[in-house]
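Breakdown of the fold
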Amino acid sequence: MSAAELRGSAAGGSCLRRYAARNASLVLSYLVLAVMGLYYVSYALGHGQLSVFSVTSVFNNTMPLLIAAIGQTFVVLTGGIDLSVGSIISLTNSLAAVYMKDTLSSSLGWSGLILLVGSAAGAVNGLLVAVGRIQPILVTLASLSIWAGAALFVLPQPGGAIPPGFTAVLAGNAWNVVPASAVTLLVLIGFWMLFRRTGLAVALYAVGDDERSARANGVPVVAAKIAAYALSGLFAALAGLYLSAVTTSGDATTGAVYTLTSIAAVVLGGVSLFGGRGSAAGSMAGAFVLTLIVNILFFANINPLLQEFFQGLVLILAMAASVLVNLLLGRAG
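The rules behind these values
- Residues numbered from 1 in each chain as written.
- Predicted model: local features only at pLDDT ≥ 70, side-chain atom pairs only at ≥ 80, totals over all residues.
- Heavy atoms only, no water.
- Helix = DSSP H or I, 4+ residues; strand = E, 2+ residues; numbered from the N terminus.
- Buried < 20%, exposed > 50% of the residue type's maximum accessible area, 1.4 Å probe, protein only.
- Contact = heavy atoms within 4.5 Å.
- 1 Å grid on protein atoms, 1.4 Å probe; cavity = no way out; pocket = protein on both sides within 12 Å on 5 of 7 lines; lining within 4 Å.
- Points joined across faces, edges and corners; volume = space filled by probe spheres on them.
- Phe/Tyr/Trp six-rings, centres within 6.5 Å; stacked < 30°, edge-to-face > 60°.
- Salt bridge = Lys/Arg side-chain N within 4 Å of Asp/Glu carboxyl O.
- pLDDT = per-residue confidence, 0-100.
- Core = buried A, V, L, I, M, F, W, Y, C linked by side-chain atoms within 4.5 Å.
- Expected span 1.5 Å × (residues − 1).
- Axes fitted to C-alpha atoms, helices over the stretch in contact; angles between N-to-C directions.
- Parallel < 35°, antiparallel > 145°, perpendicular 65-115°, else oblique.
- Left-handed = near helix turned anticlockwise from the far one by under 90°.

Some thoughts on the overall build of the protein chain
- Across its full length, the protein chain holds 14 helices and 2 strands.
- The burial tally for the protein chain puts 45% of its 333 residues in the buried class.
- Pairs at least 24 apart in sequence give 80% of the contacts found in the protein chain among residues at least 6 apart.

Some remarks on the layout of surface pockets
- Taken as a whole, the second largest pocket holds about 520 Å³ of empty space.
- If you trace the second largest pocket, you find 27 residues lining it, with Asn61, Thr291, Val294, Asn295 and Gln307 closest to the centre.
- Those elements that place two or more of their residues in the lining of the second largest pocket are α3 (52-77), α11 (221-247), α12 (257-268), α13 (280-299) and α14 (307-332).
- With 8 residues, α3 is the largest single contributor of residues to the lining of the second largest pocket.

Focus: the packing of aromatic side chains
- Scanning the entire structure with this criterion turns up 8 aromatic pairs.
- Note on Phe59 and Phe288: the rings are 5.5 Å apart at their centroids and 80° apart in plane angle, and the pair reads as edge-to-face. Separated by 229 residues along the polypeptide, Phe59 in helix α3 and Phe288 in helix α13 bring together distant segments of the chain. Note on accessibility: Phe59 and Phe288 belong to one class, buried.
- Taking the centre distance of 5.7 Å and the plane angle of 45° together, the rings of Phe191 and Phe235 count as tilted. Of this pair, Phe191 sits in helix α8 (residues 180-195) while Phe235 sits in helix α11, and the two are 44 residues apart along the sequence.
- Each residue in the set Phe74, Phe191, Trp192, Phe195 and Phe235 is aromatic and connected to the rest through ring pairs, giving one cluster.

Some details on the pattern of salt bridges
- A complete count under the given rule lists 2 salt bridges for this structure.
- A salt bridge links Glu211 to Arg215; the shortest N-O distance between them is 3.4 Å. Taken together, the positions of Glu211 and Arg215, both in helix α10 (residues 211-216) and 4 residues apart, correspond to about one turn of that helix.
- Glu211 is the partner of Lys225 in a salt bridge, and the nearest nitrogen-oxygen pair spans 3.1 Å. One end of the pair, Lys225, is in helix α11; the other, Glu211, is in helix α10, and 14 residues separate them in sequence.
- In this structure Lys225 comes out as buried when scored by relative accessible area, which is 13%.
- Taking relative accessible area as the criterion, Glu211 reaches 25% and is therefore assigned partly exposed.
- It is possible to trace a salt-bridge network through shared partners that takes in Glu211, Arg215 and Lys225.

Remarks on unusual backbone geometry
- Even without being a glycine, Arg133 presents a positive backbone phi close to 55°.
- Within the secondary structure, Arg133 is located in the loop between α5 (104-130) and α6 (136-154).
- Phi is positive for Thr248, which is not a glycine, with a value near 60°.
- Look at Thr248 and you get partly exposed, because its relative accessible area is 38%.

What about the confidence of the model for the protein chain?
- Mean pLDDT for the protein chain: 86, with 89% of residues reaching 70 or above.
- Of all the helices and strands in the protein chain, helix α1 (residues 3-22) carries the lowest mean pLDDT, 58, while α11 carries the highest, 96.

Here's the deal with the side chain of Ser90
- Here Ser90 lies in helix α4 (residues 85-99).
- Aside from chain neighbours lying at most four places away, what touches Ser90 is Ala151, Asp251, Ala252, Thr253, Thr254, Gly255 and Ala256.

With respect to the nonpolar core
- By size, the foremost hydrophobic cluster in this structure holds 76 residues, and its most contacted members are Leu66, Ile67, Ile70, Phe74, Ile89, Leu188 and Trp192.
- Other than its neighbours up to four places away in sequence, Phe74 contacts Phe191, Trp192, Phe195, Leu204, Ala228, Leu231 and Phe235.

Re α13
- Over its 20 residues, α13 runs 29 Å from end to end, which matches the ideal 28 Å to within 8%, given 1.5 Å per residue.
- Backbone geometry just after α13 places Asn301 at a positive phi near 60°.

Focus on the packing of α12 against α13
- The N-to-C vectors of α12 and α13 enclose an angle of 120°; their axes lie 7 Å apart at closest approach. With respect to each other, α12 and α13 are oriented oblique. Pair α12 / α13 crosses with right-handed handedness. Mapping the contact onto sequence places Thr261, Ala264, Ala265, Val266 and Leu268 in α12 and Gly282, Ser283, Gly286, Ala287, Val289 and Leu290 in α13.

Things to note about the environment of Leu170
- Mapped onto the fold, Leu170 is located in helix α7 (residues 164-171).
- Through-space distance from the C-alpha of Leu170 to that of Ala180 is 5.8 Å; in sequence the pair is 10 residues apart.
- With residues near it in sequence (within four places) discarded, Leu170 still touches Asn60, Ala180, Ser181, Leu241, Tyr242 and Ala245.

Structure below.
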């Protein structure tokens, strides 16, 4: 090997180490997802439980969290946090269960209206954070209570019904083989790949990385923050619609669990809570990991009351492993 080839190989190795150091958390989330996915498939195969129904159930149970985590990612990239995600999901689930009827016009009309409600709720959060300069945790904690109360006003008791056609489109199977949720997942991946190329995405990363520098370089900081929270609200509403399709009924408290799990999925997916680093692709992997943990614990006959304990344990181990890998790569560099 010539000296030039040796220098090229060394430079390539250095670039690879820098890439691995920057994306250690993302790579780890994919590794954890791969290990859990393989374990789930092997266990289900060994016990004769691997079927179109079981795979569809995994996708359907993951999608509300996955969609909520994508929305949370937009806000976290700016260095903020959105605690109102769960209550917006509860409100949209309640609206769909009470008002949506089994006609195409009703399903489309109420879906559009619900998405507008979610976007508006998120935009209000963004205005208070960006223009009012109030801490995101205070703003979204307050709106969490407001939208949770609105959900209870719309649907005081669990009930209502989701049109079967709406459920079939979002949570059914295409040609009785491919889960509709898998198709939705591909659409969401395509959306994120396109979004990453937009000026808004650049602005979100710039604001999260260094807000002062972003403002000095002409980045529309206020507009970017409002857009981030509006997108979070929009995706929370979409998650609520998906949850409605999966559960086929309404419950004004059903979205509460997604507030913290959406943040957990984002962290598990390698998005920095300080902003400016990460990807919605990692958040999607984090959502699948959290769902697979529940499925694996169910297969292992673990007490359901311990599910949150094990989810938290995996989250801590993943973060510890990420820090360890970053340290090792840093020393190696």
